[in-house]
Amino acid sequence: MTTTAQPTTTTSPRPLADLFDLTGRVAVLTGGSGLLGQQHASVLREAGARVFNLDLAAPAGEDDLPVDITDAASVQGALQTVLARAGRCDIVINNAANNPRVEDGMKGWSRFENLDVAAWDADLAVGLTGAFLVSQVFGTHLARSGGGVIVNVCSELGVIAPDQRLYRLPGVPDDEQPVKTVTYSVVKAGLIGMTRYLATYWADAGVRVNAISPGGVFNDQPAEFVAKLSDQVPLGRMARPDEMRGALAFLCSDASSYLNGHNLIVDGGRTVW
Ligand SMILES: NC(=O)c1ccc[n+]([C@@H]2O[C@H](COP(=O)([O-])OP(=O)(O)OC[C@H]3O[C@@H](n4cnc5c(N)ncnc54)[C@H](O)[C@@H]3O)[C@@H](O)[C@H]2O)c1
């Protein structure tokens, strides 16, 4: 039986700009040095948040913390640093993942028959164990200090299977054709599962947990790949790197205050076709 107070019917609506305002809030973002991570950081800063970037490859900015999210002690150290410097944490974004570019060719190692356990372990370590550790360390802090928001960056490939025909290269034997690894599907489907788990687990502590699932983002991939993928997208093109900004700002702010356990798919409609 829930003890949470019900809303009143007399509350006046908050202005739109206020709903997206993150002034005074502190965010931690994993993988903030990468293609999408830089966009996530910039939109949250634009909304007023202080953003700490937890990345192996962290540049030397004041709020860039060199952190290996697969290492529990490294993640604990990051929490202590964030609290010492900013005094609070309100938003946690699990964005880091191994995301090798299959479309450039992989000489067959990525095929299911050939994938070795070391590659499996490495991908799950970053994408799942890392997100687990960051959620455990920072999420526990959120739950004990009045609540907050966790956003897990998943993928359309957490919802549908990769179409391996997209990655085929001419003149390469079938058993050496590059493929998107099984680990990518497993990591992203697992993260969607963890999103639902935590959305209920910490709901009474005021922690909302949602996922964002981007579609393929244009990053100068080979023209043939871009054409084949675009053909599968109702909007007829890949995403621009900045096209996750609006959805991320929505998920991290009070604009999504009644959204919990959702996977927001931003894929130009690919998973609808
Ligand atoms: N780019 C796309 O087309 C696309 C599509 C759908 C989903 N996504 C997802 O979006 C997220 C970001 O993708 P991206 O394209 O920006 O990837 P990216 O490879 O550009 O960035 C990933 C970042 O994670 C960091 N990282 C890796 N291992 C780490 C570790 N152990 N500890 C800390 N940081 C670590 C890397 O240093 C890198 O800066 C990923 O989860 C990816 O799966 C990307």
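Note that residues are indexed from 1 along each chain, following the sequence as it is written. It should be noted that, the model being predicted, local features are given only for residues of pLDDT at least 70 and side-chain atom pairs only at 80 or more, the latter also being counted only at that level, while totals for whole chains, interfaces and linings use all residues. Computation of side-chain values: all heavy atoms of the structure, hydrogens and water removed.

## Some words on the site of the ligand
- Consider each residue's heavy atoms; a residue with any of them within 4 Å of a molecule or strand counts as near. By nearness alone, 27 residues border the ligand, and Leu-36, Asp-55, Asn-95, Tyr-184 and Lys-188 come closest of all.
- Two N or O atoms count as a polar contact when they lie within 3.5 Å, although within protein this holds only if one can serve as hydrogen donor and the other as acceptor, and sequence-adjacent residues are included solely when both atoms are side-chain atoms. At 3.0 Å, a backbone N or O of Leu-35 approaches an oxygen atom of the ligand.
- Within the backbone of Leu-36, one N or O atom sits 2.7 Å away from an oxygen atom of the ligand.
- A pocket here means an open set of points on a 1 Å grid, computed over the protein atoms alone, that has protein on both sides within 12 Å along at least five of seven lines. A cavity is instead a set of points where a 1.4 Å probe fits but cannot get out; residues with an atom within 4 Å of a point line either one. To be counted as sitting in a cavity or pocket, a molecule needs more than half of its atoms within 2 Å of that site's grid points. In this structure the site holding the ligand corresponds to the largest pocket.
- Counting only elements with at least two residues in the shell around the ligand, the list comes to α2 (35-46) and α5 (182-201).
- Tallying contributions element by element places α2 first for the shell around the ligand, with three residues.
- Residues are grouped as follows: nonpolar covers Ala, Val, Leu, Ile, Met, Phe, Trp, Tyr, Cys and Pro; charged covers Asp, Glu, Lys and Arg; every other residue, Gly included, is treated as polar. In the shell around the ligand, the residues fall into 14 nonpolar, ten polar and three charged. The helix count covers DSSP runs of H or I at least four residues long, the strand count covers runs of E at least two residues long, and both are numbered beginning at the N terminus.

## Some points on the nonpolar core
- With 32 residues, the main nonpolar core has Val-28, Leu-54, Val-82, Val-92 and Phe-138 as its most contacted residues.
- Breaking this core down by element, the ones donating at least two residues are β1 (26-30), β2 (50-55), α3 (72-86), α4 (117-144), α5 and β6 (207-214).
- Element by element, the count of residues in this core is highest for α4, at seven residues.
- Whether two residues are in contact is decided by their heavy atoms: any pair within 4.5 Å suffices. What Val-82 contacts, discounting residues up to four positions off in sequence, is Val-26, Val-28, Phe-52, Leu-65, Gly-87, Arg-88, Cys-89 and Phe-138.
- Judged by nonpolar contacts, the second largest core, of 24 residues, contains Val-149, Ile-212, Leu-251 and Cys-252. Each nonpolar core is a collection of buried residues, namely Ala, Val, Leu, Ile, Met, Phe, Trp, Tyr and Cys, held together in the definition by side-chain atoms within 4.5 Å. Note on classification: 1.4 Å probe, protein chains only; a residue is buried when its accessible area is under 20% of the maximum for its type, exposed when over 50%, partly exposed between these limits.

## Considering the packing of aromatic side chains
- Each Phe, Tyr or Trp ring, with Trp reduced to its six-membered ring, pairs with another whose centre is within 6.5 Å; inter-plane angles below 30 degrees give stacked pairs, above 60 give edge-to-face pairs, and intermediate values give tilted ones. Per the counting criterion, the structure on display carries three aromatic pairs.
- Between the aromatic rings of Tyr-201 and Trp-202, the centroid separation amounts to 5.7 Å while the plane-to-plane angle is 70°, which identifies the pairing as edge-to-face.
- On the basis of relative accessibility, which here comes to 11%, the residue Trp-202 falls in the buried class.
- An aromatic cluster is defined as three or more aromatic residues linked by ring pairs; in this entry it consists of Tyr-197, Tyr-201 and Trp-202.
- Consider the ring centre and the ring normal. A charge sits over the ring if Lys NZ or Arg CZ is within 6 Å of that centre and within 35 degrees of that normal. Directly above the ring of Tyr-184 sits Lys-180, whose terminal nitrogen or CZ lies 4.2 Å from the centroid.

## A few points about α2
- Between the first and last C-alpha of α2 there are 18 Å, a value that for twelve residues agrees with the 16 Å anticipated at 1.5 Å per step.
- Among the residues of α2, those classed as buried are Leu-36, Gly-37, His-40, Ala-41, Val-43 and Leu-44.
- Where α2 is buried, its residues contact β1, β2, β4 (91-94), β5 (148-153), β6 and α7 (245-252).
- Looking one or two residues past α2, Gly-48 carries a phi angle of roughly 110°, positive in sign. Helix span is expected to be 1.5 Å times the residue number reduced by one.

## Some remarks on the environment of Cys-89
- Along the polypeptide, Cys-89 turns up in the loop between α3 and β4.
- With 52 residues separating them in the primary sequence, Cys-89 and Gly-37 have C-alpha atoms 18 Å apart.
- Apart from residues lying up to four places away in sequence, Cys-89 is in contact with Val-26, Val-28, Val-82, Leu-83, Phe-138, His-141 and Leu-142.

## A few points about empty space enclosed by the protein
- Grid points are joined across faces, edges and corners, and a volume is the space filled by probe spheres set on the points. Scanning the model with the defined rule gives two cavities of 30 Å³ or more in all.
- Considering only enclosed or pocket space, the largest cavity measures out at about 70 Å³ in volume.
- Lining the largest cavity are Ala-97, Asn-98, Pro-100, Asp-123, Gly-127, Thr-181, Thr-183, Tyr-184, Val-187 and Lys-188.
- Breaking the lining of the largest cavity down by element, the ones donating at least two residues are α4 and α5.
- Among the elements that make up the lining of the largest cavity, the one with the highest residue count is α5 (four residues).
- Residues belonging to the lining of the largest cavity are distributed by class as follows: four nonpolar, four polar and two charged.
- Of the volumes computed, that of the second largest cavity is approximately 30 Å³.
- Along the walls of the second largest cavity sit Pro-100, Val-102, Met-106, Lys-180, Thr-181 and Tyr-184, which together make up its complete lining.
- Of the residues contributing to the lining of the second largest cavity, the split by class is four nonpolar, one polar and one charged.

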